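# Reading the structure
The chain contents come next:
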Amino acid sequence: MALAGVLTIIFSFSCLLLLHSPRCSSHPLCTNFRAPFTAKTTLSFCQYNGSVCCNSTEDLQLKNRFKSMNVSGSGCASVLKSILCSRCDQYSSELYRIESVPRAVPVLCNSSISTRSSQSQHAKIDYCSEVWDKCHNLSIMSSPFALLATGGIPIKSTSKLTDLWHSKGAFCDEFGGGSDDGATCFSGGNGSYLNMVAHPDGSNRVFLSNQAGKLWLATVPEQGSGETLGIDESNPFLDLTDEVYSDGELGLLGMAFHPNFQQNGRFFASFNCDKVRWPECSGRCSCNTDVGCDPSKLSSDNGGQPCQYHSVIAEFTANGTTTNLSSFRFKVTRIRPVEVRRILTMGLPFTTHHGGQVLFGPKDRYLYFMMGDGGGNGDPYNFSQNKRSLLGKIMRLDIDTIPSAKYINELHLWGNYSIPKDNPFYEDNEFLPEIWAMGFRSPWRCSFDSERPSYFLCADVGQDRYEEVDIVTKGGNYGWRVYEGLSLYNSSSSSVANKSSNSINAIFPVIVYNHSSVNRVEGSASITGGYFYRSITDPCLYLYADLYADALWSGFENPKGSGNFTTTEHPVECAKDSPIQCTTRPESTSPAFGFIFSFGQDNNKDIFLLTSSGVYRIVHPGRCNYTCSMENRTGFTAPGSVVDSPSSGSKFSNSLTLQLLVFYCVSFFVNMFLC
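Residues numbered from 1 in each chain as written. Predicted model: local features only at pLDDT ≥ 70, side-chain atom pairs only at ≥ 80, totals over all residues. Heavy atoms only, no water.

## Side note on the sheet that holds strand 21 (residues 367-370)
Strands sit in the order 20-21-22-23 across an open sheet of four strands; the sheet is antiparallel. Of all the strands in the sheet, just strand 20 (358-360) and strand 23 (435-438) have a single pairing partner and so form its edges. Sheet twist, expressed as the average angle between the axes of neighbouring strands with direction ignored, equals 20°. Bridge count for strand 21 against strand 22 (residues 393-397) is four bridges, and the pairing is antiparallel. Its bridge partner lying in strand 22, Phe369 is registered against Met395. (Pairing = 2+ DSSP bridges. Helix = DSSP H or I, 4+ residues; strand = E, 2+ residues; numbered from the N terminus. Axes fitted to C-alpha atoms, helices over the stretch in contact; angles between N-to-C directions.)

Set out below in structure tokens:
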């Protein structure tokens, strides 16, 4: 199949439904003591939706101010953008506590609080510490924090937080606040979903989960039905917020349902925990003598001590909740958060690069666990290439064969699982037997092609220059930290030289792009892996995105099976017949996704985007009155259109269509369709 020009993705809305009212006990009020309003022009920089306190002019002013700060670090840039944009929050009056002394920045949460910002959920969070950890040693031009230190007099010079405050404690004494006085504070977080998994019963239902630790069972309506996504946020399927530690890159990162879930009720959650807060968060430290690492010599990272935080895979069951698992087809069931078995627990040396996704292989039915290099700039201990470390690896585990204590001890396993005998290093004593593939930095979203299960694609987040997608094969080495993308990686913090490049036999990515091609304003890039699109319209495209870009890309393999991919960036636009206005970028009909966190796929093989502005579904081009040579339109009628023959109407050789299912607004959700 040949590509004809640039592929087009066309959006439209067909329905809007308000699901929840705000749970906030405070009242919406802007810093000018006026009520929030619905902006006539959608905010492009500060991606707030619904009721806001900024108009397009003020939004542009904030954007220009952000540019003038000239912040080099992507992590710091992200939190500073959130802080600046908090003035657009409909609760900004309370966030800035304007009834007392006017503030240059909002009150930053620094304890276990019930946040009331419209961009956050009820969560345990220390956002003030996060701001300090990400920004304290970076130069910031015209820093908003410097206003307090200079008595409110603006300064145009460059400064670091450490130039003005001697410690994190002193900084948070000035800018922090929390639940001790019952006041409102800014957490900078998001209430978006990170995971979507199709229900194993083959129905039109999916499971959704957020970073804080909640899972919901939702019903996906048929395309063209005019119905909305059915989800009751007040009734989660499973609530693990007491066990999950959610902050930065930590949280509930993955979920997987056993292939025989309908019979055995088994499902698995991958999350991070804090051993200081939860006694059952206890396991071996991945920084140990076997890998040449001494945890006592590691410094704290983002306020956490080495191996204070752990990666956990825990098994839960739906058995006992209902006498008939088939009844899941008819009602939402709440599951008690009681572990059946701890599959794996591993202490983490640093607070980033954990991966965390879990998947069952479509053919072998083994559990795959994606793990990053554990954090630190440039993988300083070379964990990804260490044969005795599980960091920077994809693991393949047998969770159906219950191991004996003797078996676990003999193989020095990290939990209650067995090793598949056809794992590549099962009989190689130099490697840990769990390893399926190695050489990853931070794999973020992997998927098996539903038509070709041997095609196992993983997106791997890069360090300084490149993002990549790899076709993962048994025993493969994907190069990090010897390579980043297609190039040798060099870092002054690396303790092992790249002279090993000839010895690792690296497999290079099939898709790669440079950070400079994404979001030049923030200078950031972080790839979000997706799926091969295999729905009714089947253009054989691998779809992917980037956290920091309002765009979608696809990879087209030609010839099939060659591993040679041509990439295309897709323009997007909202249809004019939407019953409500699509959130768009200024002077454009393209939607403002915000942050694209993840992808999902349902039992119809439809693909979904999980973003900070909503959940989107790719739907039939016929929904927008376009035809595609590979689309089966039998029995399908686009709303308000007449069924034409496949030869009529506007044609695009590989046109895709998106449908917005959920729109995030304040602390409630609205559902809408997008085509």
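## Brief notes about the nonpolar core
Within soluble globular proteins, side chains that are nonpolar generally end up buried alongside one another. Formed by 39 residues in total, the largest nonpolar core has its most connected members in Leu108, Phe145 and Phe171. Those elements that place two or more of their residues in this core are helix 1 (56-69), helix 2 (74-85), strand 5 (108-109), helix 4 (127-135) and helix 7 (168-175). Residues contacting Phe145, with those up to four places away along its chain left out, are Leu80, Ile83, Val105, Leu108, Val131, Leu161, Trp165, Phe171 and Phe175. Counting 35 residues, the second-largest nonpolar core is a separate cluster that includes Met346, Phe369, Phe425 and Phe431. (Core = buried A, V, L, I, M, F, W, Y, C linked by side-chain atoms within 4.5 Å. Buried < 20%, exposed > 50% of the residue type's maximum accessible area, 1.4 Å probe, protein only. Contact = heavy atoms within 4.5 Å.)

## A few points about the sheet that holds strand 19 (residues 341-347)
On the basis of which strands lie adjacent, the open sheet formed by five strands has the order 15-16-18-19-17 and mixed pairing. Edge positions in the sheet fall to strand 15 (252-257) and strand 17 (284-285), since each of these pairs with one other strand and no more. In the sheet, strand 16 (residues 266-274) pairs with strand 18 (residues 309-317) via nine bridges, with the strands oriented antiparallel. Bridge pairing links Phe267 to Phe316 in strand 18.

## Remarks on the side chain of Lys393
Mapped onto the fold, Lys393 is located in strand 22. Among buried Asp, Glu, Lys and Arg side chains, Lys393 stands out as unpaired, with Asp379 the closest opposite charge at 7.3 Å. Those residues in contact with Lys393, other than ones at most four positions away along the chain, are Phe369, Met370, Met371, Phe383, Ser384, Gln385, Asn386, Ile435, Ala437, Met438 and Phe440. (Lys, Arg positive; Asp, Glu negative; His and termini not counted. Salt bridge = Lys/Arg side-chain N within 4 Å of Asp/Glu carboxyl O.)

## Examining the environment of Leu252
Following the sequence through the fold, Leu252 ends up in strand 15. Its relative accessible area of 0% is what places Leu252 among the buried residues. Along the backbone, Leu252 and Ala212 are 40 residues apart, and their C-alpha atoms lie at a distance of 6.3 Å. Here Leu252 is in contact with Leu194, Asn195, Ser209, Asn210, Gln211, Gly213, Lys214, Leu215, Val244, Ala269, Ser270 and Phe271, once residues within four sequence places are set aside.

## Description of the pairing of strand 18
Where burial is concerned, most of strand 18 is hidden: eight out of the nine residues are buried. Direction of pairing for strand 18 relative to strand 19: antiparallel, over a ladder of six bridges. Its bridge partner being in strand 19, Val312 is matched across the sheet by Thr345.

## Some details on the state of the cysteines
Within this structure, the stated rule accounts for eight disulfides. Across the disulfide from Cys285 sits Cys307; the S-S distance is 1.9 Å. Its S-S torsion of about 65° marks the bond between Cys285 and Cys307 as right-handed, since a negative value means left-handed. With Cys285 in strand 17 and Cys307 in the loop between strand 17 and strand 18, this pair connects stretches of sequence that are 22 residues apart. Paired by a disulfide, Cys287 and Cys293 hold their sulfur atoms 1.8 Å apart. Taking the sign of the torsion about the S-S bond as the criterion, the disulfide between Cys287 and Cys293, at about -90°, is left-handed. According to the relative accessible area criterion, Cys287 is buried, its value standing at 1%. (Disulfide = S-S within 2.5 Å.)

## As for the packing of aromatic side chains
Enumeration over the complete set of coordinates arrives at 33 aromatic pairs. Seen from their ring centres, Phe145 and Phe171 are 5.2 Å apart, and the 65° between their planes marks the pair as edge-to-face. Taken together, the positions of Phe145 in the loop between strand 8 (140-141) and helix 5 (146-149) and Phe171 in helix 7 put the pair 26 residues apart, joining distant regions of the chain. Seen from their ring centres, Tyr544 and Trp553 are 6.2 Å apart, and the 15° between their planes marks the pair as stacked. On the basis of relative accessible area, Trp553 is assigned to the buried category, the value being 11%. Ring pairs connect the aromatic residues Tyr455, Tyr513, Phe532, Tyr542, Tyr544, Trp553 and Phe565, which therefore count as one cluster. Directly above the aromatic system of Trp480 lies the positively charged group of Arg441, at a separation of 5.9 Å from the ring centroid. The ring centre of Phe532 lies 5.1 Å from the NZ or CZ of Arg452, which sits over that ring. (Phe/Tyr/Trp six-rings, centres within 6.5 Å; stacked < 30°, edge-to-face > 60°. Lys NZ or Arg CZ within 6 Å of the ring centre and 35° of its normal.)

## Observations concerning helix 1
Here helix 1 spans 20 Å end to end across 14 residues, near enough to the 20 Å set by a 1.5 Å rise per residue. Within the sequence span of helix 1, burial applies to Asp59, Leu62, Phe66 and Met69. Buried residues along helix 1 cover an arc of 75° about the axis, so they all sit on one side. At the N-terminal end of helix 1, a side-chain oxygen is found 3.1 Å from the backbone nitrogen of Thr57, two or three residues along, and the residue is Asn55. Looking one or two residues beyond helix 1, the residue adopting positive phi is Asn70, at roughly 55°. (Expected span 1.5 Å × (residues − 1). Arc of directions from axis to C-beta. Polar contact = N/O pair within 3.5 Å; in protein donor to acceptor, adjacent residues only side chain to side chain.)

## Brief notes about the packing of helix 4 against helix 7
Running from N to C, helix 4 and helix 7 cross one another at 130°; their axes reach a closest spacing of 10 Å. When the axis of helix 4 is compared with that of helix 7, the two are oblique. In the crossing of helix 4 with helix 7, the sense of the turn from one axis to the other is right-handed. Contact residues: helix 4 offers Cys128, Ser129, Val131, Trp132 and Asp133, while helix 7 offers Lys168, Phe171 and Cys172. Its residues placed into classes, the contact of helix 4 with helix 7 shows five nonpolar, one polar and two charged. (Parallel < 35°, antiparallel > 145°, perpendicular 65-115°, else oblique. Left-handed = near helix turned anticlockwise from the far one by under 90°. Nonpolar A, V, L, I, M, F, W, Y, C, P; charged D, E, K, R; others polar.)

## Topic: the confidence of the model for the protein
With 71% of its residues at a pLDDT of 70 or more, the protein has an overall mean of 77. Low pLDDT, under 50, characterises residues 633-656; the stretch is placed with 51 contacts to residues that sit more than four places away or in other chains. Between residues 663-675, whose pLDDT stays under 50, and residues either more than four places distant or in other chains, the model counts 94 contacts. (pLDDT = per-residue confidence, 0-100.)

## A word on the pairing of strand 35 (residues 596-601)
Summarising burial for strand 35: six of the six residues are buried, a large majority. In this structure, strand 35 lies alongside strand 36 (residues 607-611), joined through five bridges in antiparallel fashion. Counterpart to Gly600 in the pairing with strand 36 is Phe608. Linkage of strand 35 to strand 36, two consecutive antiparallel strands, is achieved through a turn of five residues, within which Lys605 is found at a positive phi near 70°.

## A short note on the side chain of Ser203
In this structure, Ser203 sits in the loop between strand 11 (193-198) and strand 12 (205-210). The class of Ser203 is buried, set by a relative accessible area of 12%. Polar side-chain contacts of Ser203 include one of 2.7 Å to the side chain of Asp201.

## Some words on the environment of Leu80
Note that Leu80 resides in helix 2. By relative accessible area, which is 0% here, Leu80 ends up buried. Expressed as a C-alpha distance, the spacing of Leu80 and Ser143, which sit 63 residues apart in the sequence, is 9.4 Å. Among residues more than four places away in sequence, those in contact with Leu80 are Met69, Val71, Cys135, Ile140 and Phe145.

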